[in-house]
Amino acid sequence: MKRKKASSFLDLLESWFGTYLPTAKGLSPATIKSYKTAFRVLLEFMYSEKGINAGEIKFEDLTSDTISAFLDWLETERKCSISTRNHRLSVLNAFSEYAQNRDFEAASVFRASLLKIPQKKGMPAKRSFFTRDEIKLLLSFPNVKTVIGKRNRALLCFMYASGARAQEVCELTVGDLTFFTEKATVKLLGKGSKIRKISIPADAAAILKGYIEYRKIQD
């Protein structure tokens, strides 16, 4: 019986990025871009440190020692944070699972090597926050006598009241807001296409409603 030819590292990587992540997993372009960055840096490491071109990489080249050296290189040479190091490792793990399911013989050693490497623990990042006086000062900056100033004040109020991410704010529509007598609620589309509902307190809701009425953009 003719033995099946093992799938190459790059063949499976291309199908992972080209079909599986955007179609089967439904990941956002931003997430896929971050995954691609992880592999772009890995290919750079393999060439600069191991002398192996991207087209020549085989799964058996990606041993636990090589992957550990790559992760250490990220910190020492690229000056990446521990969180970035851990993210790169998570991306490699996600691909290894996919690759093993598609071609067990070719990718099983790669998968086993990754499972030997734990996430690295680091010091938790300190959270920064605004005081009440700082928030008042921030909200006083926009010139509400201008259209841009009214818009900026409404945006700042909304972001502070909801805690929404920048991308969530960019994708927000008037139809996502519901106004009540004492408050408002907003539906936000977050990471992984997950929808969550946030309550907006009365003062911020009044500013949002006033701006929407001023611009005559009611849904």
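Above this text sits the structure in question.
To start, this report covers the structure provided alongside it. None of the values given here were measured: they were computed from a predicted structure.

About the thresholds
- Residues numbered from 1 in each chain as written.
- Predicted model: local features only at pLDDT ≥ 70, side-chain atom pairs only at ≥ 80, totals over all residues.
- Heavy atoms only, no water.
- Helix = DSSP H or I, 4+ residues; strand = E, 2+ residues; numbered from the N terminus.
- Buried < 20%, exposed > 50% of the residue type's maximum accessible area, 1.4 Å probe, protein only.
- Phe/Tyr/Trp six-rings, centres within 6.5 Å; stacked < 30°, edge-to-face > 60°.
- Axes fitted to C-alpha atoms, helices over the stretch in contact; angles between N-to-C directions.
- Parallel < 35°, antiparallel > 145°, perpendicular 65-115°, else oblique.
- Left-handed = near helix turned anticlockwise from the far one by under 90°.
- Contact = heavy atoms within 4.5 Å.

What follows covers unusual backbone geometry. For Lys 79, which is not glycine, the phi dihedral falls at a positive 60 degrees. Structurally, Lys 79 is set in the loop between helix H3 (64-76) and helix H4 (82-102). Here Lys 79 falls in the exposed class, since its relative accessible area comes to 67%. Look at Lys 216: it is not a glycine, yet its phi comes out positive at around 55 degrees.

For the rest of this paragraph, the subject is the packing of aromatic side chains. Within this structure, the stated rule accounts for 17 aromatic pairs. A ring pair is formed by Phe 17 and Phe 39, whose centres lie 5.9 Å apart and whose planes are at 90 degrees; its orientation type is edge-to-face. Of this pair, Phe 17 sits in helix H1 (residues 9-24) while Phe 39 sits in helix H2 (residues 29-50), placing them 22 residues apart in sequence. We note that Phe 17, like Phe 39, is buried. Consider the rings of Phe 95 and Phe 110, whose centres lie 6.1 Å apart with planes at 55 degrees: the pair is tilted. You can see Phe 95 sitting in helix H4 and its partner Phe 110 sitting in helix H5 (residues 104-115), a full 15 residues away along the chain.

Viewed as axis vectors pointing N to C, H3 and H4 meet at an angle of 150 degrees, and their least axial separation amounts to 9 Å. One way to sum up the angle between H3 and H4 is to call them roughly antiparallel. As for how H3 packs across H4, the hand of that crossing is right-handed. Residues Ile 67, Phe 70, Leu 71, Asp 72, Leu 74 and Glu 75 of H3 touch H4, and the partners they reach there are Ile 82, Arg 85, Arg 88, Leu 89 and Leu 92.

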